[in-house]
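Topology and contacts: notes
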Amino acid sequence: MSDIVRTKLELLENGPSMPRKQSKRRKRSKKVESEQEHKVNIEPIEEVPVEEQNVVFRPNEGPQTEFLASPEREVLYGGSAGGGKSYAMLADPLRYMGHPQFSGLLLRHTTEELRELVWKSRELYPQIYKGIKWSERKMQWVAPSGARLWMSYLDRDDDVLRYQGLAFSWIGFDELTQWATPFAWNYMRSRLRSTAPDLPVYMRATTNPGGPGHQWVKKMFIDPAPYGRAFDATNIDTGKVLKYPEGHDKAGQSLFKRRFIPARLSDNPYLSSQGDYEAMLLSLPEHQRKQLLEGDWDIKEGAAFTEFSREHHVIEPFDVPRNWVKFRACDYGYGSYSAVLWFAVSPSEQLIVYRELYVSKVLATDLADMINELEVEDGNIKYGVLDSSLWHKRGDTGPSLAEQMIQRGCRWRPSDRSRGSRVSGKNEIHRRLQIDDITEEPRLVFFNTCTNTISQIPAIPLDKKNPEDVDTRAEDHIYDALRYGVMTRPRFSIFDYDPIGRPSQGMPIADATFGY
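Scope of this entry: the structure provided in the associated data block. (Residues numbered from 1 in each chain as written. Predicted model: local features only at pLDDT ≥ 70, side-chain atom pairs only at ≥ 80, totals over all residues. Heavy atoms only, no water.)

Details of the pattern of salt bridges
Across all of its chains, the model carries 29 salt bridges by this definition. Taking the shortest distance from any N to any O, the salt bridge between Glu428 and Arg431 comes out at 2.9 Å. Here the residue Glu428 and the residue Arg431 both occupy positions in helix α14 (residues 421–433), the gap between them amounting to 3 residues, near one helical turn. Judged by its relative accessible area of 36%, Arg431 falls in the partly exposed class. (Salt bridge = Lys/Arg side-chain N within 4 Å of Asp/Glu carboxyl O. Helix = DSSP H or I, 4+ residues; strand = E, 2+ residues; numbered from the N terminus. Buried < 20%, exposed > 50% of the residue type's maximum accessible area, 1.4 Å probe, protein only.)

Considering the side chain of Asp476
With respect to the secondary-structure elements, Asp476 resides in the loop between α15 (451–456) and α16 (477–486). If near-sequence neighbours (up to four positions away) are discounted, Asp476 is found in contact with Arg422 and Ile460. (Contact = heavy atoms within 4.5 Å.)

Section: the packing of aromatic side chains
As enumerated under the stated definition, the model contains 20 aromatic pairs in all. When the centroid spacing of 6.1 Å and the interplanar angle of 55 degrees are considered together, the rings of Phe308 and Phe446 count as tilted. Note that Phe308 is positioned in the loop between α10 (286–292) and α11 (310–313) and Phe446 in strand β16 (residues 444–447), a separation of 138 residues in sequence. Exposure class is identical for Phe308 and Phe446. Each is buried. (Phe/Tyr/Trp six-rings, centres within 6.5 Å; stacked < 30°, edge-to-face > 60°.)

Quick look at the side chain of Asn208
Locating Asn208 in the fold gives a position in the loop between β7 (202–207) and α7 (214–222). In this structure Asn208 comes out as buried when scored by relative accessible area, which is 12%. A distance of 2.8 Å separates the side chain of Asn208 from the backbone oxygen of Gly79, its partner in a polar contact. A distance of 3.3 Å separates a polar side-chain atom of Asn208 from the backbone oxygen of Ser80. In contact with Asn208, other than residues within four places in its own chain, are Gly79, Ser80, Ala81, Lys85, Glu175, Thr177, Leu292 and Trp297. (Polar contact = N/O pair within 3.5 Å; in protein donor to acceptor, adjacent residues only side chain to side chain.)

Overview of the sheet that holds strand β15 (residues 413–414)
Neighbouring strands of a sheet are bound in pairs by backbone hydrogen bonds; such pairs are parallel or else antiparallel. What the 7 strands build is an open sheet, ordered β10-β16-β13-β12-β11-β14-β15; its pairing is mixed. What marks the edges here is a single partner per strand, and that holds for β10 (314–315) and β15. Strand contacts of helix α12 (residues 364–374): β11 (325–331), β12 (338–345) and β13 (351–359), with the helix running at about 140 degrees to β13, the strand carrying the most contacts. (Pairing = 2+ DSSP bridges. Axes fitted to C-alpha atoms, helices over the stretch in contact; angles between N-to-C directions.)

Examining the packing of α14 against α16
Where α14 contacts α16, the two axes come as close as 9 Å, and the packing angle between them is 80 degrees. Taken together, the axes of α14 and α16 are roughly perpendicular relative to one another. The residues of α16 that touch α14, namely those facing Ser421, Arg422, Gly425, Lys426, Glu428, Ile429 and Arg432, are Tyr479, Asp480, Leu482, Arg483 and Val486. When the residues that make up the contact of α14 with α16 are grouped by side-chain class, the tally is 4 nonpolar, 2 polar and 6 charged. (Parallel < 35°, antiparallel > 145°, perpendicular 65-115°, else oblique. Nonpolar A, V, L, I, M, F, W, Y, C, P; charged D, E, K, R; others polar.)

Observations concerning the pairing of strand β6 (residues 170–174)
Among the 5 residues in β6, 5 count as buried, and that is most of the element. Both faces of β6 are covered, namely the face carrying Trp170, Gly172 and Asp174 and the face carrying Ile171 and Phe173. For strand β2 (residues 103–108) and β6, the ladder comprises 4 bridges, and the chain directions are parallel. By the bridge assignment, Gly104 is partnered in β6 with Trp170. Sheet topology places β6 next to β7; 5 bridges connect them, and they run parallel. Each residue of the ladder has a partner; that of Asp174, found in β7, is Thr206. On the question of chirality, the crossover connecting β6 to the parallel β7 by way of helix α6 (residues 183–189) is right-handed. (Right-handed = clockwise from strand over helix to strand, strands pointing away.)

A word on the sheet that holds β6
With mixed pairing, the 9 strands of this open sheet are ordered in space as β3-β4-β5-β2-β6-β7-β1-β9-β8. This sheet does not close on itself; its edge strands, each paired only once, are β3 (133–135) and β8 (231–232). The pairing of strand β4 (residues 140–142) with strand β5 (residues 148–153) spans 3 bridges and is classified as antiparallel. Within β5, the residue paired with Trp141 across the bridge is Leu149. Its contacts with the sheet put helix α5 (residues 111–128) on β2, β3, β4, β5 and β6, and the angle it makes with β5 is roughly 155 degrees.

Geometry only, nothing functional implied.
Next comes the structure, spelled out in structure tokens:
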């Protein structure tokens, strides 16, 4: 190939290397363009009055607002159907979507149940948070800041392994009682962490009473404290407060707080004002109606005391006058539990359970010391009634358990364990739980600080073989103490009334058996 041909082929391949003729229309310099960009005047945003704003979501006053403002680590928002729980759950994580490190997880039990939440979020989120994007493949919302909210399901216990190694600053469980055990809730707590000091960590849940997980949810959130009050998180098996271990900088302090916020249909004016939904709930069988309309956590299939109601039978504590008749009742057990209840009789002869003691693995003498210490400020305790079986010698020659307690200064008399006493005691509790026609109050009430009593009495089941008695295989220690107490014929007598309210004289024991 000649040199001339080779040169022409190279020109065709690479293009000519001669300088191009410049256009008469010259490009503007980047410097001038940049200066003019900086000179753009931004119009100030005119403030729109609140009444003219397009409000997409405003929380209802009361429980829904309290839920969204709760500072506690773990919060349950539950009760009646139609209280606005799902919308509150969807709104809660939005407050953190402006933080680039926020990572949230909203769970339902199954994918079918998850669809409704996804549908509501796709209707709500784009209107509230401009620029937020939904990924159908990832089932995830992504905000312009980079914050993410993952919507997923957790059907079986093994499904928690899908979240192993992940970290979330906010985790929500919608309809918590659909999980039969606390395994998923406890495991997902280990996925809760944040390295940003301005990004707190929270677990949130909503639910109605009932469902496979009713009992463990009740033990974790309902029983430990009165409704609406924050409390130290407890172990649901032992009831003990979860604390930092010895050697830790915060040794002895509570790990975190929990709170239960009750929801009622009346709290949601958008639904309750129509009346149709309330009529539908009113048509349900009593058991379901109490759970879904009244938000009753104490109702239970086969329960012995269905008339028990927190609304009527649980009251705020007050200083019991020292001159009211007071007494106590006890069902002792070392291997299981010892239950002690303190009663006061009001002038209207209403029986008030104002204190409880529920302990395990405590010797009879130590229990007596604990009782004496608690009664220091009570004034005169008129009498105490104790399970009569504690007077039995049980084959030994030494003092009985009852005598050991009496020798410690804790006086008792034996309970009635005669034939038919169990049925009579149960009927008396029924009578006292009824609302009196004259006073329009029940004849038996409990301070809301008696959390174990309030938890156990409405849950104790009937005996399937004998519906006139309770199932003795159930946890019935507090029930027995209550039965012993109400069967002592407590009265507020004018002869017992002491206007001065003198403390106990500490008279010597005349009878070592009965303590008087």
